[in-house]
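Residue-level listing of the chains:
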Amino acid sequence: MNNFTSFMPIAIIEAKKAASRGEVPVGALIEINGEIISSAGNRTRELKDPTAHAEILVIRNACSILGVERLIGANLYVTLEPCPMCAAAISNTRIANLYFGARDIKSGGINQGPCIFNHPQSHHKPEIYDGISELECRKLLLDFFKHKRN
Ligand SMILES: [Zn+2]
């Protein structure tokens, strides 16, 4: 990865904004050729929509903005390992590179559980870079759930 610039700090800002709305703090963005096309945090509670994960929202927004149904060559950053639903959407969108922060032992669908991209029915597998800003991404979630318990 020559001249790699991580856009994860912007996904982290989206995750913090999600936390301030009372949503699980996960943030994501779509970047193409160094330009951020869309960014979002979870909005499942606000939209009363269990599919309104940050990844789904940024994919929908970017496709709408660009007027395309696939984001070939796009990079997706997300603070938490995508769940199986989002991993399938990432595959269908033909995302080129997936950068994620914290692993999700409970609900992740990439390095555990159904391991979507290793499944023979997965027709497109992005390059995966995990552990990007991992500590900060994990701390967001730990802090959020600690406050909820108190
Ligand atoms: Zn998801």
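Because the structure is a prediction, the values reported are computed rather than measured. (Residues numbered from 1 in each chain as written. Predicted model: local features only at pLDDT ≥ 70, side-chain atom pairs only at ≥ 80, totals over all residues. Heavy atoms only, no water.)

Colleague: Can you help me understand the pattern of salt bridges in this one?
Modeller: One side chain can pair with another of opposite charge once the charged atoms of both are near each other. Within the structure shown, the criterion is met by 7 salt bridges. We note a salt bridge from Arg 21 to Glu 46, for which the minimum N-O separation is 3.7 Å. Of this pair, Arg 21 sits in the loop between α1 (8–20) and β1 (27–32) while Glu 46 sits in helix α2 (residues 44–47), and the two are 25 residues apart along the sequence. With relative accessibility at 30%, the residue Arg 21 sits in the partly exposed group. The partner of Lys 139 in a salt bridge is Asp 143, and the shortest N-O contact between them spans 2.8 Å. One end of the pair, Lys 139, and the other, Asp 143, are both in helix α5 (residues 134–149), 4 residues apart, so they sit about a helical turn from each other. Using a relative accessible area of 26% as the deciding quantity, one classes Asp 143 as partly exposed. Sharing partners across several salt bridges, the network here consists of Arg 21, Arg 43 and Glu 46. (Salt bridge = Lys/Arg side-chain N within 4 Å of Asp/Glu carboxyl O. Helix = DSSP H or I, 4+ residues; strand = E, 2+ residues; numbered from the N terminus. Buried < 20%, exposed > 50% of the residue type's maximum accessible area, 1.4 Å probe, protein only.)

Colleague: Would you take a moment to explain the packing of α1 against α5 for this structure?
Modeller: In a packed pair of helices, the relevant descriptors are the angle between the two axes and the axis-to-axis distance. Remark: α1 packs on α5, axes separated minimally by 10 Å, with the N-to-C direction vectors making an angle of 5 degrees. By the angle class used here, α1 and α5 are roughly parallel. Only Glu 136, Cys 137, Leu 140 and Phe 144 of α5 make contact with α1, whose side of the interface consists of Met 8, Ile 12, Ala 15, Lys 16 and Ala 19. (Axes fitted to C-alpha atoms, helices over the stretch in contact; angles between N-to-C directions. Parallel < 35°, antiparallel > 145°, perpendicular 65-115°, else oblique. Contact = heavy atoms within 4.5 Å.)

Colleague: Please explain helix α4 (residues 84–93) as it appears in this structure.
Modeller: Quick reminder: α-helices carry 3.6 residues per turn. Residues three or four places apart thus point the same way. Every buried residue of α4 is accounted for by Cys 86, Ala 87, Ala 89, Ile 90, Ser 91 and Thr 93. In this fold, the buried residues of α4 make contact with α3 (54–66), β3 (75–80) and β4 (97–102). Looking one or two residues beyond α4, the residue adopting positive phi is Arg 94, at roughly 65 degrees.

Any link to function would need more than the numbers given here.
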